Amino acid sequence: MRPRSPFPARAFAAAWALAAALAAPARASAQDPSRITSELMARHVRALADDSMRGRATGSPELEQAAAYAAAAFARAGLVPAGDSGTFVQRYVVGRDTTANRRTAPNVVGLLRGRDPVLRGEVVAVVAHVDHVGVAGQGPGCMAVGTDAICNGADDNASGTAGVLALAEAFAAQPVLPLRSLLFLVVSGEEIGLRGSRAFVARPAVPLDSIVALVNLDMIGRKRPDSVFLNGWGKSSISDLVRRLAAQHRELGLDVGPDEEDRPRTPGDSDHFPFQQQGVPYIFFYAGSHPDYPRPGDEPARLDADKAARVARLAFFTMWDLAEHRARPKWDAAARRLNVAERKR
């Protein structure tokens, strides 16, 4: 006769069920983007696009301040630094003052590890550029309007940068992370030829082959409050995913449609482009141009922070889905032939 257990049968069953639950792989809980609020977006945009930031031109002290602001936000969220020497900042060369002295500019890179022991080696990335065109008279791009000579760049692209910072905070607060890891990237040098994103692709914090998808946020806070353009429409399975998510989450109040400025061969006009050339499927959220672009009128007070928050929430659902499903997104074959450069190995 087997000895009787010192635990009552019901208690034993409950203990067994608890042990089994603890041993089982964690399941993703309901996705909660509630930290991405219009107030948070407006606060980030005001900090980045204040007159004191003087348009955040690449190479300026104010751009360095903006990068430090982004790095501090990543640190508060608890991201893993993925820049140079254990920091959040990756520096790249933008020129030389003399033969010996190189001028550099910052990218800001943070990582959240996914929960799956295998798929955490794959990455879903989100990028936005934090630089703008500075002050009238200091270089091309900014023209004064009356006595206002500061091109603040609230929509272009403090709005997208605010989105990346808010996404980092929202994902870091989830009780369970998705299967894949998430890379949060704030770049500079976009206004002078995508210099920061090109530098990251040339010296990535993670292997390029591990980046399964890229979300780009650039100018997401103006124009009609009920719609956003998708650049990359039909070029990969990601655009179908975003269309489905926008229909599923009607609380966002966003219709999505193809970017009228896109072409079958994608123009190299924003930071998804260097990644796309290397074969990374992408989607680019873009609210459209407006008369204040790029002029001093692109000020925080004119930004629709509520729309920017809703676009960022749609990006949250998109990133979650891409990071949670085991199948990688796929290029359309014809779009891949037009847009992906053959890599030299």
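Quick notes on the rules
Residues numbered from 1 in each chain as written. Predicted model: local features only at pLDDT ≥ 70, side-chain atom pairs only at ≥ 80, totals over all residues. Heavy atoms only, no water. Disulfide = S-S within 2.5 Å. Buried < 20%, exposed > 50% of the residue type's maximum accessible area, 1.4 Å probe, protein only. Helix = DSSP H or I, 4+ residues; strand = E, 2+ residues; numbered from the N terminus. Contact = heavy atoms within 4.5 Å. Pairing = 2+ DSSP bridges. Expected span 1.5 Å × (residues − 1). Polar contact = N/O pair within 3.5 Å; in protein donor to acceptor, adjacent residues only side chain to side chain. Axes fitted to C-alpha atoms, helices over the stretch in contact; angles between N-to-C directions. Parallel < 35°, antiparallel > 145°, perpendicular 65-115°, else oblique. Left-handed = near helix turned anticlockwise from the far one by under 90°. Nonpolar A, V, L, I, M, F, W, Y, C, P; charged D, E, K, R; others polar. pLDDT = per-residue confidence, 0-100. Core = buried A, V, L, I, M, F, W, Y, C linked by side-chain atoms within 4.5 Å. Phe/Tyr/Trp six-rings, centres within 6.5 Å; stacked < 30°, edge-to-face > 60°.

**Structural notes on the state of the cysteines**
Simply put, disulfide is the name for a covalent bond between the sulfur atoms of two cysteines. Following the criterion strictly, the structure yields one disulfide and no others. Two residues, cysteine 142 and cysteine 151, share a disulfide whose sulfurs are 2.1 Å apart. In this structure, the disulfide formed by cysteine 142 and cysteine 151 twists by about 90 degrees around the S-S bond and is classed as right-handed. Neither residue differs from the other here; cysteine 142 and cysteine 151 are each classed as buried.

**Topic: the side chain of histidine 272**
Examined against the element boundaries, histidine 272 turns out to sit in the loop between β8 (255-258) and α7 (273-277). Using a relative accessible area of 0% as the deciding quantity, one classes histidine 272 as buried. Ignoring anything within four residues of it in the chain, the contact list for histidine 272 reads Leu214, Asn216, Asn231, Thr266, Pro267, Tyr282 and Phe284.

**A closer look at the pairing of strand β9 (residues 282-286)**
Most of β9 is tucked away, with five of its five residues classed as buried. Burial of the side chains of β9 extends over both faces: Tyr282, Phe284 and Tyr286 are buried on one face and Ile283 and Phe285 on the other. Bridging between strand β6 (residues 211-217) and β9 involves four bridges; their strand directions are parallel. Considered in β9, the bridge of leucine 217 is made with phenylalanine 285. Inspection of the sheet shows strand β7 (residues 227-231) paired to β9 by three bridges, in the antiparallel sense. In the strand pairing of β9, leucine 230 is matched with phenylalanine 285.

**Focus: helix α8 (residues 305-324)**
Between its first and last C-alpha, α8 extends 28 Å over 20 residues, near the 28 Å set by a 1.5 Å rise per residue. Most of α8 is tucked away: 18 of the 20 residues are buried. Taking the backbone nitrogen of aspartate 306 as reference, a side-chain oxygen 3.3 Å away marks aspartate 304 as the first, capping residue of α8.

**Brief notes about the packing of helix α4 (residues 154-172) against α8**
Taken N-terminus to C-terminus, the directions of α4 and α8 make an angle of 55 degrees; their axes are 10 Å apart at the nearest point. By the angle between their directions, the pair α4 and α8 is classed as oblique. Of the two elements, α4 crosses α8, and the hand of that crossing is right-handed. Residues Gly163, Leu167, Ala170 and Phe171 of α4 lie in contact with α8, whose contacting residues are Ala312, Ala315, Phe316, Met319 and Trp320. Broken down by class, the residue content of the contact of α4 with α8 amounts to eight nonpolar, one polar and no charged.

**Observations concerning the environment of aspartate 292**
Looking at where aspartate 292 falls in the secondary structure, it is placed in the loop between β9 and α8. Along the sequence, aspartate 292 and arginine 302 sit 10 residues apart, while their C-alpha atoms lie 9.5 Å from each other. What aspartate 292 contacts, discounting residues up to four positions off in sequence, is Arg222, Gly297, Asp298 and Arg302. A polar side-chain atom of aspartate 292 sits 2.8 Å from a polar atom in the side chain of arginine 222.

**Points about the confidence of the model for the protein chain**
In this model, the protein chain carries a mean pLDDT of 90, and residues with pLDDT of at least 70 account for 90%. With pLDDT under 50 throughout, residues 1-27 is counted as low confidence; its partners more than four residues away or in other chains account for five contacts.

**Regarding the nonpolar core**
Judged by nonpolar contacts, the single largest core of 65 residues is most densely connected at Phe74, Leu167, Phe171, Phe184, Leu217, Phe285 and Met319. The leading source of residues in this core is α8, at 12 residues. Apart from residues no more than four positions distant in its own chain, phenylalanine 184 is found in contact with Phe74, Leu79, Val108, Val109, Gly110, Leu112, Val126, Val164, Leu167, Ala168, Phe171 and Met319. In terms of nonpolar packing, the next biggest core, distinct from the first, is built from 24 residues, Val123, Val187, Met219 and Tyr286 among them.

**Quick look at the packing of aromatic side chains**
Taken as a whole and judged by the stated rule, the model has 11 aromatic pairs. Taken together, a centroid distance of 4.4 Å and an interplanar angle of 25 degrees make the contact between phenylalanine 171 and phenylalanine 316 stacked. Of this pair, phenylalanine 171 sits in helix α4 while phenylalanine 316 sits in helix α8, and the two are 145 residues apart along the sequence. Taken together, the aromatic side chains of Phe74, Phe88, Phe171, Phe184, Phe316, Phe317 and Trp320 make up a single cluster linked through ring pairs.

**With respect to unusual backbone geometry**
Of all residues except glycine, most have a negative phi; of all peptide bonds, most are trans. Aspartate 156 connects to asparagine 157 through a cis peptide bond whose omega is 0 degrees. Here asparagine 157 shows up in helix α4. The residue after tyrosine 293, namely proline 294, is reached through a cis peptide bond having omega -25 degrees. Take proline 294: it is sitting in the loop between β9 and α8. With phi around 60 degrees, methionine 219 is a residue other than glycine that occupies positive phi space. With respect to the helices, strands and loops of the structure, methionine 219 is situated in the loop between β6 and β7.

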